[in-house]
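Per-entry structural report
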Amino acid sequence: MNHGDSMTGLEELPIRDDLRGLSPYGAPQLDVPVRLNTNENSYPVPEAVVEAIGKAVAAELRDLNRYPDRDAVALRADLAGYLGHGLTVDGVWAANGSNEIQQQLLQAFGGPGRSALGFTPAYSMHPLLALGTGTRWVPARRDVDFGLTADEAVAQVREHRPDVVFLCSPNNPTGTALDPAVVAAVLDVAPGMVVVDEAYAEFARPGTVSALAVLPGHPRLVVTRTMSKAFGFAGGRLGYLAADPAVVAAVQLVRLPYHLSALTQAAARAALAHRDVLLGTVTAIMQQRDRIVTELRGRGLRVADSDANFVLYSVGGDQAEAWQAMLAHGVLVRDVGLPGWLRVTAGTPAETDAFLAAMDKTRLAGPPAPQPRPKGSAR
Ligand SMILES: *Cc1c(COP(=O)(O)O)cnc(C)c1O
């Protein structure tokens, strides 16, 4: 940018053929009063935790001339303690967000000549991480209601024999947790690794079973988690995995040395030490999530069951138009590219009020429910 008129176009560079013509991924970061588009935790970090993180980070500053603990042992021990299930430091690995964790998994278990499979619609970063690591992406299908049965999953894994299977539970963007029978069935037939992305596990409805329970005896199972959502620590960038210690040894072959800064490690440990306070918002967010589901169904819209901090709903028309109309009323939701559907994050009660008010002001959603019309082309 600072080269002014002499700026080189991307297309003039000898960039990889598979990256040519692409644009960087990311949800719009717009300055809008109500931002409900990236599933962040709407509650700011409580003052007591701000102070604790500040002290922990300050204590590291004098030693910033030294590299941090390359293996982040103390942090991993804390994360193992949080997860329970008999996990110890050897079975837990941490990185700058679960996106980096999944990238490391693909670097170790995917790569050129290998493939990764996911059941779409699912997390849009999985195919992009595959692209970046040179892993061939196989888009497998869910049924029309976004469900996935063990039989459908098994048939597609058998057909494609991927090196890595991504399962997302609760699934983004649909919100629904997977039946544990699907995870078990995929583990039985997958020829390679099975990664269960549990970014929203803390928001799941009572009775939802985590894949952490299945880890013993399944060395090819990896469960990824994050502090970005329930912990309200998206800006801190901390994701982690739980798996057999051999999997941790494998990702250590590809991780950059000192990938987790001393500041990140200290901040995350301080946040974890205050997990009772930080996770105190989860119940309130689940209440807003359930309120959004009930209110939208009451307006005659189709809504996917949610075990997460967001809700996928049918707009009864073109989702790009509905997205724009909501934005015009100061509410930013997410167009995930599913024709006819939008995704909204559950935040504070006031944010739900604003979202519902905007829904009622935008023509597409007011009662009675309009009939969806085929639009010809999905934008
Ligand atoms: C938000 C999200 C993540 C979190 O990514 P981080 O890199 O940890 O912030 C991971 N998986 C899914 C499905 C998500 O929606």
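Since the structure is predicted, the reported quantities are computational estimates derived from the model, not experimental observations. (Residues numbered from 1 in each chain as written. Predicted model: local features only at pLDDT ≥ 70, side-chain atom pairs only at ≥ 80, totals over all residues. Heavy atoms only, no water.)

1. Thoughts on the side chain of Ser 306
Secondary-structure assignment places Ser 306 in the loop between helix 10 (282-298) and strand 9 (310-314). At 2.6 Å, the side chain of Ser 306 and the backbone oxygen of Phe 310 are in polar contact. Excluding residues within four positions of it along the chain, Ser 306 makes contact with Gly 175, Arg 205 and Arg 289. (Helix = DSSP H or I, 4+ residues; strand = E, 2+ residues; numbered from the N terminus. Polar contact = N/O pair within 3.5 Å; in protein donor to acceptor, adjacent residues only side chain to side chain. Contact = heavy atoms within 4.5 Å.)

2. Some details on helix 6 (residues 180-189)
Residues of helix 6 that are buried: Val 182, Val 183, Ala 185, Val 186, Leu 187 and Val 189. Contact partners of the buried residues in helix 6: helix 5 (150-160), strand 5 (164-168), strand 6 (193-197) and strand 7 (221-226). (Buried < 20%, exposed > 50% of the residue type's maximum accessible area, 1.4 Å probe, protein only.)

3. Here's the deal with the environment of Ile 101
On the secondary structure map, Ile 101 appears in helix 3 (residues 98-109). With a relative accessible area of 0%, Ile 101 lands in the buried category. Here the alpha-carbon distance between Ile 101 and Gly 298, two residues 197 residues apart in the chain, equals 40 Å. Residues contacting Ile 101, with those up to four places away along its chain left out, are Trp 93, Ala 94, Ala 95, Thr 224, Gly 239, Tyr 240 and Leu 241.

4. Regarding the site of the ligand
Surveying the vicinity of the ligand reveals 13 residues, the closest of which are Ser 98, Tyr 200, Thr 226, Ser 228 and Lys 229. At a separation of 3.1 Å, an oxygen atom of the ligand approaches a polar backbone atom of Asn 99. The side chain of Asn 172 places a nitrogen or oxygen atom 2.8 Å from an oxygen atom of the ligand. Computed on the free molecule, the ligand has an accessible area of 390 Å², of which 94% lies beneath the protein chains in the complex. Looking at the shell around the ligand residue by residue, the class counts come to four nonpolar, six polar and three charged. (Near = heavy atom within 4 Å. Areas by Shrake-Rupley, 256 points an atom, 1.4 Å probe, with all protein chains shown as cover. Nonpolar A, V, L, I, M, F, W, Y, C, P; charged D, E, K, R; others polar.)

5. Things to note about the domain arrangement of the chain
Each assigned domain of the chain is listed here: domain 1 (24-46 + 280-365) and domain 2 (47-273). On a C-alpha basis, the centroid separation for the pair domain 1 and domain 2 is 25 Å. Across the domain 1/domain 2 interface, buried area totals approximately 2200 Å², and carbon plus sulfur atoms make up 61% of it. Contact with domain 2 buries area across many residues of domain 1, yet Tyr 25, Pro 46 and Asp 307 alone supply 29% of it, more than any other trio. Scanning the region where domain 1 abuts domain 2 turns up two salt bridges. The shortest N-O distance in the salt bridge between Asp 145 and Arg 302 comes to 3.6 Å. Counting across the domain 1 and domain 2 interface gives 14 residue pairs in polar contact (both at pLDDT 80 or more). (Domains from an automatic or database assignment. Buried area = accessible area lost by both parts, 1.4 Å probe. Salt bridge = Lys/Arg side-chain N within 4 Å of Asp/Glu carboxyl O.)

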